[in-house]
Amino acid sequence: MSSPAKNSRTGLVAISAMFAALALIFSYIEFLVPLPVPVPGIKLGLANLVIIIAIYRMSFRHAFAINVARILLAGLLFSGVFGMIYSFAGGVLSIVVMYVLYRTGLFSMVGVSMAGGVAHNLGQLITACILLQNTAILSYFPVLLFSGLISGIAIGILAYIIEKRLPAFN
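These lines cover the structure that appears in this document, whether it is placed above or below. For clarity, every value in this text was computed on a predicted model and none was experimentally measured.

Re the overall build of the protein
Point 1. Secondary structure summary: the protein contains five helices and zero strands in total.
Point 2. In the protein, the order of α-helices and β-strands from amino to carboxyl end is α-α-α-α-α.
Point 3. For the protein, whose C-alpha radius of gyration is 16 Å, the value lies close to the compact-globule estimate of 15 Å for 170 residues.
Point 4. For the C-alpha atoms alone, the extent of the protein along its principal axes is close to 55 × 35 × 30 Å.
Point 5. In the protein, which comprises 170 residues, the proportion classed as buried is 41%.
Point 6. Excluding contacts between residues fewer than 6 apart, the proportion of contacts in the protein whose partners are at least 24 apart in sequence is 71%.
Point 7. Of the roughly 9,500 Å² of accessible surface on the protein, a fraction of 73% belongs to carbon and sulfur atoms.

As C-alpha cells, this is what we get:
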C-alpha cells in the first residue's frame, strides 16, 4: 500500500511543513539547553538532523525551503535579527556544501554532515568579519573547525540511524 504523500505535491508540502516544525523545535531545544562547553557560540546543530534527512529524502528545493523557514522562524522567536543573519549565512553555505557533496556520491551521510557543520561555522565567521569589518575574528576558526567536525559527526551518525528507520515517502 502506498502512502498518501507518495509523489503528491500536497503530501510533500505537508512533509516539508512537518520537517520545518521539527527543525524549529530542535532549534528551540538548543536555545533552552545550551551545550556545557566554555566556548561561546558552540552548538550541536540538532536542526541539521532534519535538513540532512531532507537532502537525502527530498529535493534540494524542499530541503532549502525547510532550512530557510526554520532559520527565519527561529530568528524571529529566539535569537533576533543578528542571530537570524548569522544563522542564514551559515545555513545557506552549509546546505549548499552538503547538497554538492551528497550529489557526488563520494561521501557518507556522516561526511556530508561534517562538511555541513564546518561550512555553517565558516559562513557565520565570514558574516561576522563583514559585519564587524574585522578579519581578526578569523583566528577563532580553528575552534569552530574542531567543533563543526565533532558536532557534524554526532549529527551525521544520528541522521543516518534515523533516516534508515523512516518509511519511504517520496
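So that's the structure; there's more coming.
Observations regarding the packing of aromatic side chains
The geometry of an aromatic ring pair comes down to the distance between the two centres and the angle between the two planes.
Point 1. Overall, the coordinates contain six aromatic pairs when judged by the stated rule.
Point 2. An aromatic cluster is built from Tyr56, Phe60, Phe64, Tyr99 and Tyr102, whose rings are joined through pairwise contacts.

What to know about the environment of Lys164
Point 1. Here Lys164 shows up in helix α5 (residues 141-165).
Point 2. Through-space distance from the C-alpha of Lys164 to that of Ile53 is 9.7 Å; in sequence the pair is 111 residues apart.

Notes on the nonpolar core
Point 1. Of all hydrophobic cores here, the largest spans 26 residues; its most connected members are Phe19, Met58 and Ile66.
Point 2. Listed by contribution, the elements that provide at least two residues to this core are α1 (9-32), α2 (47-57), α3 (60-104), α4 (109-132) and α5.
Point 3. A total of eight residues in this core trace back to one element, the largest contributor, which is α2.

Details of the pattern of salt bridges
Point 1. Inspection of the entire model under this criterion finds two salt bridges.
Point 2. Between Arg57 and Glu163 there is a salt bridge, with its nearest N and O atoms 2.7 Å apart. With a gap of 106 residues between them, Arg57 in helix α2 and Glu163 in helix α5 connect regions that are remote in the sequence. The residues Arg57 and Glu163 share a single accessibility class, namely buried.
Point 3. Bridged by salt links that share partners, the residues Arg57, Glu163 and Lys164 form one connected network.

Focus on the environment of Leu24
Point 1. Along the chain, Leu24 falls in helix α1.
Point 2. In this structure, the C-alpha to C-alpha distance between Leu24 and Leu77, residues 53 residues apart in sequence, is 9.7 Å.
Point 3. Ignoring sequence-local partners within four residues, the contact set of Leu24 consists of Arg70, Leu73, Ala74, Leu77 and Phe78.

So, α1
An α-helical turn contains 3.6 residues, so any two residues separated by three or four positions project in the same direction.
Point 1. In a regular helix each residue adds 1.5 Å, so 24 residues correspond to 34 Å; α1 covers 35 Å between its end C-alpha atoms and thus fits that length.
Point 2. When α1 is considered as a whole, its buried residues turn out to be Gly11, Leu12, Ile15, Ser16, Phe19, Ala20, Ala23, Leu24, Phe26, Ser27 and Glu30.
Point 3. Looking at the packing, one finds that the buried side of α1 touches α2 and α3.
Point 4. Residue Ser8 occupies the N-cap position of α1, its side-chain oxygen lying 3.3 Å from the main-chain nitrogen of Thr10.

A closer look at the environment of Ser94
Point 1. Tracing the backbone through its elements, the reader meets Ser94 in helix α3.
Point 2. In sequence terms Ser94 and Gly117 are 23 residues apart; their C-alpha atoms lie 6.9 Å from each other.
Point 3. Those residues in contact with Ser94 that sit more than four places away from it in its chain are Asn48, Gly116, Ala119 and His120.

Quick notes on the rules
- Residues numbered from 1 in each chain as written.
- Predicted model: local features only at pLDDT ≥ 70, side-chain atom pairs only at ≥ 80, totals over all residues.
- Heavy atoms only, no water.
- Helix = DSSP H or I, 4+ residues; strand = E, 2+ residues; numbered from the N terminus.
- Rg over C-alpha atoms; globule rule 2.2 N^0.38 Å.
- Buried < 20%, exposed > 50% of the residue type's maximum accessible area, 1.4 Å probe, protein only.
- Contact = heavy atoms within 4.5 Å.
- Areas by Shrake-Rupley, 256 points an atom, 1.4 Å probe, with all protein chains shown as cover.
- Phe/Tyr/Trp six-rings, centres within 6.5 Å; stacked < 30°, edge-to-face > 60°.
- Core = buried A, V, L, I, M, F, W, Y, C linked by side-chain atoms within 4.5 Å.
- Salt bridge = Lys/Arg side-chain N within 4 Å of Asp/Glu carboxyl O.
- Expected span 1.5 Å × (residues − 1).
- Polar contact = N/O pair within 3.5 Å; in protein donor to acceptor, adjacent residues only side chain to side chain.

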